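# Per-entry structural report
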Amino acid sequence: MIVIVNCQQCGKELKRRSDKTGKRIFCGTDCLMGSKKVIVNCFMCKKEIRLTVGKVKEVNCCSRACGGKFNSERFRKRNLAANDFLMSDEIRGKIRESKLGKGEGKSYEKTFGRHTHRIVMEEMIGRKLLPGEVVHHIDEDKRNNNPSNLMLFASQAEHAAHHKLLLKNQQK
């Protein structure tokens, strides 16, 4: 037989079998342990979260993702305040100029830390490149970033298949 009883801590109505209505009736472990829960809002997304009174902090986040966003923003602001003069566009340009032409010319050319051929391809197609997209140099010269020399592949697998086909045609 089912009977209705009340939680001894919060008073919530519970359904129990008549043989399970002993002296200790609690709705859950929070009430059993006597800890009180409070509702607070996540600092980042404002979602309501239930926390034990002892776990409430100055800044409360609902998940690791929100906590990560909070810390990222907090440290970004702190770094900007401490280093606001370090990497202006003028200084980045000076650093770039000082490094131009210093290498052996065996690797891809870069513009402000990004591969130039990828920047040229983004301008050609009118959007940012998607993760995994590969820009191929048709003449296989890594330094020739002329738009007519660049080809876009959707994946590294397609790029490898293209090279395999070229190799097969060269062997004939």
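Just so it is clear, the structure is predicted and the values come from calculations on it, not from any experiment. (Residues numbered from 1 in each chain as written. Predicted model: local features only at pLDDT ≥ 70, side-chain atom pairs only at ≥ 80, totals over all residues. Heavy atoms only, no water.)

What follows concerns the layout of surface pockets. Which parts of space are left empty comes out when a probe the size of a water molecule is rolled across the atoms. Taken as a whole, the largest pocket spans an internal volume of roughly 440 Å³. The element that contributes the greatest number of residues to the lining of the largest pocket is helix α3 (residues 89-99), accounting for 4 residues. A per-class count over the lining of the largest pocket returns 5 nonpolar, 5 polar and 8 charged. Taken as a whole, the second largest pocket encloses approximately 200 Å³ of empty space. Around the second largest pocket, the lining comprises 14 residues; the ones closest to its centre are Y108, V135, H136, H137 and H159. Contributing elements (two or more residues each) for the lining of the second largest pocket: α4 (116-125), β7 (134-137) and α5 (156-171). Looking at which element gives the most residues to the lining of the second largest pocket, the answer is β7, with 4 residues. Along the lines of polarity and charge, the residues of the lining of the second largest pocket split into 3 nonpolar, 7 polar and 4 charged. (1 Å grid on protein atoms, 1.4 Å probe; cavity = no way out; pocket = protein on both sides within 12 Å on 5 of 7 lines; lining within 4 Å. Points joined across faces, edges and corners; volume = space filled by probe spheres on them. Helix = DSSP H or I, 4+ residues; strand = E, 2+ residues; numbered from the N terminus. Nonpolar A, V, L, I, M, F, W, Y, C, P; charged D, E, K, R; others polar.)

This brings us to the nonpolar core. As a rule of thumb, nonpolar side chains are buried together in soluble globular proteins. Counting residues in hydrophobic clusters, the biggest one holds 6 residues: V5, C7, L14, I25, F26 and C31. Once you skip the residues sitting within four places of it in the chain, C7 turns out to touch K12, L14, I25, F26, C27 and C31. Counting residues in each nonpolar core, the second largest holds 5 residues, with M121, L129, V135 and L150 among its members. (Core = buried A, V, L, I, M, F, W, Y, C linked by side-chain atoms within 4.5 Å. Buried < 20%, exposed > 50% of the residue type's maximum accessible area, 1.4 Å probe, protein only. Contact = heavy atoms within 4.5 Å.)

Turning next to the packing of aromatic side chains. In the structure shown here, the tally under the stated rule is 1 aromatic pair. Ring geometry for F43 versus F70: centroids 5.2 Å apart, planes at 80°, classification edge-to-face. In this pair, F43 is assigned in the loop between β3 (37-41) and β4 (48-52) and F70 in helix α2 (residues 64-83), connecting sequence segments 27 residues apart. Classification of F70 by relative accessible area gives buried; the value is 18%. Over the aromatic face of F43 sits the side chain of K46, whose NZ or CZ is 5.3 Å from the ring centroid. The ring of Y108 is capped by K142, whose NZ or CZ atom sits 5.4 Å from the centre of that ring. (Phe/Tyr/Trp six-rings, centres within 6.5 Å; stacked < 30°, edge-to-face > 60°. Lys NZ or Arg CZ within 6 Å of the ring centre and 35° of its normal.)

Pairing between side chains of opposite charge can happen when the charged atoms of each approach one another. Summed over all chains, the structure comprises 5 salt bridges. Between K77 and E73 there is a salt bridge, and its shortest N-O distance comes to 3.9 Å. One end of the pair, K77, and the other, E73, are both in helix α2, 4 residues apart, so they sit about a helical turn from each other. Here E90 and K94 are joined by a salt bridge, their closest N and O atoms 3.5 Å apart. (Salt bridge = Lys/Arg side-chain N within 4 Å of Asp/Glu carboxyl O.)

This part covers the pairing of strand β2 (residues 13-17). The pairing of strand β1 (residues 2-6) with β2 spans 5 bridges and is antiparallel. Within β2, the residue paired with I2 across the bridge is R17. Once β1 ends, the chain turns through 6 residues before running back antiparallel as β2, passing G11 with a positive phi of about 85°. (Pairing = 2+ DSSP bridges.)

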